[in-house]
Structures are given as C-alpha cells and as structure tokens.
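A closer look at the structure
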Amino acid sequence: MEFQSLKNIETSFRQIRLFGIIFLSLCAAITVCSVISSYRFAEKQREKIYVLDGGKSLMLALSQDLSQNRPAEAREHVRRFHELFFTLSPEKSAIEHNVGRALLLADKSAYNYYTDFAEKGYYNRIIAGNINQVLKVDSVVCDFDSYPYRATTYARQMIIRQSNITERSLITTCRLLNASRSDDNPNGFTIEGFVIVENKDLQTIKR
C-alpha cells in the first residue's frame, strides 16, 4: 500500500512537472510573439507622419522610401538640364537666365560647352538671326547598377527661323552624383562628365 502511494506521488509529480513545462513554453511563446508584434507595429508607425493643421485637424500622410523614387528623379534632373541648356530664345537676358539655371545642375563640363559656344559666337548668331531653339527630350536612359550613375539622353532640337525650321538630333552622355537638395536643385543630383555625342541635322522644312 505504501509502495502504491509512492508511485501515485511520483506520477503526480511528473504530471505537475509536465504541465509546468507546457505552461512555461506557452508563456515564452506568447512573450516572443508579443515582442515581434510590437516591433513590427513600431516599424509601421515610423513610416507615418502626423501633420497638425493649425493645431485643430490631424492629417495622416504615409512617408515614401526616397530610394524608390530616385530613378524618376534622376531622369527628371537630366531632362530639366537639357531643356534649360538647349532651349534658347533670341534675347541675351533669356539665354543667360536659362543657361545659368542649367549650370546649377551640372559641373564644369557643362560650363566648358557654354564658354565654347559663346566664344564661337553661337549665342550671338541666335540673337542676330532672331532664331528660337526648342529642345524636346525623347528619352533618358539611366544605368543604376553602379555609382556614379550613367545617363544617355536622346533628344531633338527644333531651330526655328523666319524662313525655315531645322530639326537636329542630339545625343548626350553624363554621370550623375548625389547632391544636397535645394531650391535650385530639387532632385538632389549633379551632372558630371557631360559630353555631346551627336548633334546633326535631320531635315529642314520651309515655312
């Protein structure tokens, strides 16, 4: 009878120990799940921006990962530079204004082209001949596999005279460096190693 009692006590102890292990395992699992859920919730909260409008209304805006938008910003930066640098009107102040804004987006390689054009009288001929030059960018192809990023631009120039319109092809290459954003450089890039690969007449249409 005493042996049977000891056996029952040992069995009960084993059951209690088993239940204790199961209980501790469940507590540990619940704790780990709670920690993981809290971490994920905190990460999601960091992606949100709360904006107070005059201290009265609360608006929720989701922040975007800037790296996802960099390719579009790079193409826009290159496009904007070409439009400012190559779109010219027969006014000295307008030419200087546009080219000046373009040069804020690039390094000395673009400035060298500007001084070369000026020394050859290119801008003076545009003013004297009352010529309008309009640039249309067809595409900007960027390679983001390595840094600095490489970009190739395919565009067309329309040189508008009183008697005719000349269409020219324009192909350029450059590299893009990350830079600080500003009012003059909203996309945060700097063009370096700017090179005009091709610039030739395609056709001339009489007006």
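Our subject is the structure that appears above.
Computed from a predicted structure; not experimentally measured. (Residues numbered from 1 in each chain as written. Predicted model: local features only at pLDDT ≥ 70, side-chain atom pairs only at ≥ 80, totals over all residues. Heavy atoms only, no water.)

Attention shifts here to the nonpolar core. Core analysis: the largest hydrophobic core is formed by 33 residues, its most contacted members being Phe-81, Phe-85, Leu-176 and Phe-194. Going through the elements one at a time, α2 (66-86), α3 (92-103), α4 (108-119), α5 (122-128), β3 (132-143), β4 (149-160), β5 (164-178) and β6 (189-206) are the ones with two or more residues in this core. The element contributing the most residues to this core is α2, with 6 residues. Ignoring any residue separated from it by four or fewer positions in sequence, one finds Phe-81 in contact with Ala-102, Leu-105, Ala-106, Ala-110, Ile-191 and Phe-194. (Core = buried A, V, L, I, M, F, W, Y, C linked by side-chain atoms within 4.5 Å. Buried < 20%, exposed > 50% of the residue type's maximum accessible area, 1.4 Å probe, protein only. Helix = DSSP H or I, 4+ residues; strand = E, 2+ residues; numbered from the N terminus. Contact = heavy atoms within 4.5 Å.)

Pairing is antiparallel in the open sheet, where 4 strands are placed in the order β3-β4-β5-β6. The sheet is open, and its two edges are formed by β3 and β6, each paired on a single side. The average undirected angle you get between the axes of adjacent strands in this sheet is 15 degrees. As paired strands, β4 and β5 are joined by 12 bridges and run antiparallel to one another. If you follow Gln-157 over to β5, its bridge partner there is Arg-168. (Pairing = 2+ DSSP bridges. Axes fitted to C-alpha atoms, helices over the stretch in contact; angles between N-to-C directions.)

With that out of the way, let us pick up the environment of Arg-75. With respect to the secondary-structure elements, Arg-75 resides in helix α2. On the accessibility criterion, Arg-75 (33% relative accessible area) is partly exposed. When the C-alpha atoms of Arg-75 and Cys-142 are compared, they prove to be 7.2 Å apart, with 67 residues separating the residues in sequence. In this structure, Arg-75 is in contact with Val-140, Cys-142 and Phe-144, ignoring residues within four places of it in sequence.

Within the secondary structure, Thr-153 sits in strand β4. The exposure class assigned to Thr-153 is buried, which follows from its relative accessible area of 1%. The residues contacting Thr-153, other than those within four sequence positions of it, are Val-78, His-82, Val-137, Ser-139, Val-140, Leu-170, Ile-171 and Thr-172.

This brings us to α4. Its 12 residues place the ends of α4 16 Å apart at the C-alpha level, agreeing with the 16 Å of an ideal helix rising 1.5 Å per residue. The complete set of buried residues in α4 reads Ser-109, Ala-110 and Phe-117. The buried residues of α4 occupy an angular sector of 105 degrees when the element is viewed end-on, so they sit on one face. Among the exposed residues of α4, those pointing more than 90 degrees away from its buried face are Lys-108 and Glu-119. Directly beyond the C-terminal end of α4, a positive phi value near 80 degrees is found at Gly-121. (Expected span 1.5 Å × (residues − 1). Arc of directions from axis to C-beta.)

Let us now look at the side chain of Asn-187. Tracing the backbone through its elements, the reader meets Asn-187 in the loop between β5 and β6. A relative accessible area of 15% means that Asn-187 is categorised as buried. Not counting the four nearest positions on each side in its chain, Asn-187 is found in contact with Arg-70, Glu-73, Glu-76, His-77 and Arg-181.

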